[in-house]
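Observations on the three-dimensional arrangement
Listed below, chain by chain, are the residues.
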Amino acid sequence: MSSLSLENVGKKFGSTPALAGVRLEVEPSVTGLLGPNGAGKTTLLRMAATVLAPDSGRIRILGRDPAHPHERVEIRRRLGYVPQEPGFYRNFTAFDFVDYVAVLKDIAERRRRHDEVRKVLDYVGLRDHAHQRIKALSGGMRQRLALAQALLGDPELLILDEATAGLDPEQRLRFREMISVLPQRPTVLISTHQTDDVSALCQRVVVLIAGTIRFDGTPAELAATASDRVWVDADRDERAAVSWRTSAGQFRHIGERPADAQSVTPTVDDAYLLLSGADISARSS
Amino acid sequence: MRAVSAGPGLAQLVLLEGRRLALHPLFLAGVVVAAGGCAAFLARGWSTSGWTVYAGFALMAPFTMVATNVVTLRDHRADTVEQHEALPMPVSTRVGALLTAILAPTLLTVAGLGAVTAYAASRFALDEVDLLVLASLPLIMTALAALGVALARWMPSAFVAPALAVAFYFWTPGDDPSAWRVLMPLNSADDTGAAVMRLPYLLGLTLLFAGAALAQPQRSRTSVLLALVGAALVTLSAAAVLT
Ligand SMILES: Nc1ncnc2c1ncn2[C@@H]1O[C@H](COP(=O)(O)OP(=O)(O)O)[C@@H](O)[C@H]1O
Ligand SMILES: [Mg+2]
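Residues numbered from 1 in each chain as written. Chains lettered and ligands numbered in written order. Predicted model: local features only at pLDDT ≥ 70, side-chain atom pairs only at ≥ 80, totals over all residues. Heavy atoms only, no water.

Labelled according to an unreviewed UniProt entry, chain A appears under the name ATP-binding cassette domain-containing protein, originating from Nocardioides agariphilus.

So, in structure tokens, the structure goes:
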């Protein structure tokens, strides 16, 4: 059974289509949703988190229909959600805030609830800050606090909207580690616009551009879409769709490789830029 | 069909919110005001300063109204409305818990007021009107506290409740009560008839405001029933007070 299934899902805000005809089956795994700003990632994740209904098409989450009030509650019991900009009660302590969320998550019995709250705070490494007020916590700690509240009750589906944005490199490594070693192995759907998150964390990557899915496969398969289309040169090559100067001082080019250029092994980054870069040139022409 | 997460979750939330309300700085500020009123009475006797007890406890109500308003606006302020919508407990249950949690500051007030009344009655002759008016004080608190929740649900702005609290203070008649001002929640009563009718009146306001709070974003049978019973009580008792 797939954890999340979207059939021909469309959503418009005013006349702007945020999603158009999206078909997606997410199986238990860590799936990355990759796309530029405005691609529709947040819109898709809000739907997966049952807080936004599609204009057209059909969604099933954990085998249930989110449009049905009682099934929606059943989904929400099994869901963990970190929105793109998580909110906090700044005057609460970390413990009290997560405890409050735990009550809203129907973990009623007090002792079990407090055990659960301590468990998730420990997991994200906030044990020593549990009784500090949230307004005194750093940005990275708040990010982990947002993850902690999402982990309450061992969710079957974990939805993380740009959960690594704004973290420094070390914090990102810790964050990825936390996601990848979750003991209950939930289905994780994580959006990002950073390709290194995808390569490091995801078994599967879905590239969303301008509201449509442009790629769906493993990170290696994504990288392979750019094979034979990446080359390096001392000077900028005008024939490339995208090119940039690397730290080695050379130019890395992506696009239709000229016969005289030597191709190099593509990365996920190259493939993603090829996909989104192709889109930019298509739009400007 | 199973009731959606009422039961134990609701009870736990009532406890959490009740504790937060009872320890809320604005409620505690109201306690200080009431204590001031009681101190004035203790210093000068009931006949000259008994009204300060009433005024002190009555002023706790607008403080508590702003407190419940601030607490209800928490999700709005913290931008957690949608985040918490993804959790199983429906917003109506959460509002219901907040409304029920009003009992925490109210019961504390009843205890304080009871102690002061018992002391006053042991030393001075309190008449029927005095006792009825004192008995109305906890209902003033529940009415305004429920109003604080309702305002937050319908007008999610931090300015509405404080402005209304100040307005209530100035609208409450002094020596020259005009007809409609008699109905102001903070008002007192001079005769037994009016003092009796203020009890169902304030109870009606409480139910009406609670029903209104629960009706946003979605009317339910409970919200409509509460509002209708409240409106009926308010109408009948207001008519009795005004005639
Ligand atoms: N609440 C909204 N009101 C109006 N437009 C919106 C709203 N949410 C998203 N959009 C628009 O929908 C498109 C997709 O947005 P979003 O899903 O936030 O993209 P992403 O998360 O990939 O950056 C954008 O063009 C955005 O401006
Ligand atoms: Mg987004």
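When its secondary structure is counted, chain B shows 11 helices and zero strands. Secondary structure of chain B in N-to-C order comes out as α-α-α-α-α-α-α-α-α-α-α. For chain B, whose C-alpha radius of gyration is 18 Å, the value lies close to the compact-globule estimate of 18 Å for 243 residues. Here the C-alpha coordinates of chain B stretch approximately 55 × 35 × 35 Å along the principal axes. Summarising the internal contacts of chain B: among those between residues at least 6 apart in sequence, 75% fall at separations of at least 24. Averaging the positions of the 13 positive and the 12 negative side-chain charges in chain B gives two centres separated by 10 Å. (Helix = DSSP H or I, 4+ residues; strand = E, 2+ residues; numbered from the N terminus. Rg over C-alpha atoms; globule rule 2.2 N^0.38 Å. Contact = heavy atoms within 4.5 Å. Lys, Arg positive; Asp, Glu negative; His and termini not counted. Charge placed at Lys NZ, Arg CZ, Asp CG, Glu CD.)

Every buried residue of helix H2 (residues 69–77) of chain A is listed here: Val73, Glu74, Ile75 and Arg76 of chain A. Elements in contact with the buried residues of H2 of chain A: strand S4 (56–61) and strand S5 (79–82) of chain A together with helix H5 (81–85) of chain B. (Buried < 20%, exposed > 50% of the residue type's maximum accessible area, 1.4 Å probe, protein only.)

Here we come to the domain arrangement of chain A. Residues and elements named next belong to chain A. Each domain of chain A was delimited in the assignment, giving domain 1 (4–216) and domain 2 (223–276). Facing the nine residues of domain 1 at the interface are six residues of domain 2. With both chains or domains summed, domain 1 and domain 2 bury close to 680 Å², and 75% of this area falls on carbon and sulfur atoms. In this structure, the connection of domain 1 to domain 2 is made through zero salt bridges. (Domains from an automatic or database assignment. Buried area = accessible area lost by both parts, 1.4 Å probe. Salt bridge = Lys/Arg side-chain N within 4 Å of Asp/Glu carboxyl O.)

Any two side chains of opposite charge can pair if their charged atoms end up close together. Residues and elements named next belong to chain A. Here the structure, examined in full by the defined rule, presents 25 salt bridges over all chains. Ionic pairing is found between Asp154 and Lys119, a salt bridge with its closest N-O pair at 3.4 Å. Of this pair, Asp154 sits in the loop between helix H5 (139–151) and strand S6 (157–161) while Lys119 sits in helix H4 (residues 110–123), and the two are 35 residues apart along the sequence. Note that Asp122 and Arg127 form a salt bridge whose closest N and O atoms lie 3.1 Å from each other. Its relative accessible area of 33% is what places Asp122 among the partly exposed residues.

The next subject is the site of ligand 1. Residue and element names in this part refer to chain A. Taken together, the neighbourhood of ligand 1 is formed by Phe13, Thr16, Ala18, Pro36, Asn37, Gly38, Ala39, Gly40, Lys41, Thr42 and Thr43. A distance of 3.1 Å separates an oxygen atom of ligand 1 from a polar atom in the backbone of Ala39. Residue Gly40 places a main-chain N or O atom 3.0 Å away from an oxygen atom belonging to ligand 1. Here ligand 1, which alone exposes 560 Å², has 62% of that area covered by the protein. With three residues, helix H1 (residues 41–48) is the single largest residue contributor to the shell around ligand 1. (Near = heavy atom within 4 Å. Polar contact = N/O pair within 3.5 Å; in protein donor to acceptor, adjacent residues only side chain to side chain. Areas by Shrake-Rupley, 256 points an atom, 1.4 Å probe, with all protein chains shown as cover.)

Residues and elements named next belong to chain A. Residues Phe251 and His253 line one face of strand S12 (residues 251–254) and the alternating positions Arg252 and Ile254 line the opposite face, and both faces are buried. In this structure, strand S10 (residues 230–233) lies alongside S12, joined through four bridges in antiparallel fashion. Of the residues in S12, the one forming a bridge with Val232 is Arg252. The pairing of strand S11 (residues 242–245) with S12 spans four bridges and is classified as antiparallel. Bridge assignment links Val242 to a residue of S12, and that residue is Ile254. (Pairing = 2+ DSSP bridges.)

All names here are of chain B. Those residues carrying the UniProt feature "transmembrane region" (unreviewed entry) are residues 21–42, 54–74, 95–119, 131–151, 158–174, 194–215 and 222–242 in this numbering. In this annotation, residues 95–119 is assigned 96% helix and 0% strand; the end-to-end C-alpha distance for the span is 37 Å. Along residues 131–151 the backbone is 100% helical and 0% strand, and the end-to-end C-alpha distance reaches 31 Å. (UniProt positions renumbered as here; feature names shortened; annotations may be inferred.)

We now examine the packing of helix H3 (residues 46–72) of chain B against helix H8 (residues 128–154) of chain B. All names here are of chain B. Between H3 and H8, the shortest axis-to-axis distance is 7 Å and the interhelical angle comes to 20°. Classified by the angle between their axes, H3 and H8 sit roughly parallel to one another. The handedness of the crossing between H3 and H8 is right-handed. For the contact of H3 with H8, the per-class residue count stands at 20 nonpolar, six polar and two charged. (Axes fitted to C-alpha atoms, helices over the stretch in contact; angles between N-to-C directions. Parallel < 35°, antiparallel > 145°, perpendicular 65-115°, else oblique. Left-handed = near helix turned anticlockwise from the far one by under 90°. Nonpolar A, V, L, I, M, F, W, Y, C, P; charged D, E, K, R; others polar.)

Next up on the list: the confidence of the model for chain A. Low pLDDT means the predicted coordinates in that region are not meant to be read closely. Predicted confidence across chain A gives a mean pLDDT of 92, with 97% of residues reaching 70 or more. Ranking the elements of chain A by mean pLDDT puts helix H9 (residues 268–284) of chain A last, at 73, and H1 of chain A first, at 98. (pLDDT = per-residue confidence, 0-100.)

Tracing the sequence through the fold places Ala101 of chain B in helix H6 (residues 91–101). Those residues within four positions of Ala101 of chain B in sequence are excluded, and the remaining contacts are Val14, Glu17, Gly18 and Leu21 of chain B.

Attention shifts here to the coordination of the magnesium ion (ligand 2). Residues and elements named next belong to chain A. Protein ligation of the magnesium ion (ligand 2) involves Thr42 (OG1) and Gln84 (OE1), the donor distances falling in the range 1.9 to 2.2 Å. One end of the pair, Thr42, is in helix H1; the other, Gln84, is in the loop between S5 and helix H3 (94–104), with 42 residues separating them in the sequence. Thr42 sits in the partly exposed class, given a relative accessible area of 25%. Of the residues examined, Gln84 reaches a relative accessible area of 36% and is grouped as partly exposed. (Donors = N, O, S within 2.8 Å, 3.2 Å for Na, K, Ca; no water.)

A surface patch of nonpolar side chains, amounting to about 270 Å² of accessible area, comprises Leu103, Leu107 and Val110 of chain B. Mapped onto the elements, Val110 of chain B comes out in helix H7 (residues 103–123). (Patch = residues over 30% accessible without salt bridge, like charges linked within 9 Å, V, L, I, M, F, W, Y side chains within 5 Å.)

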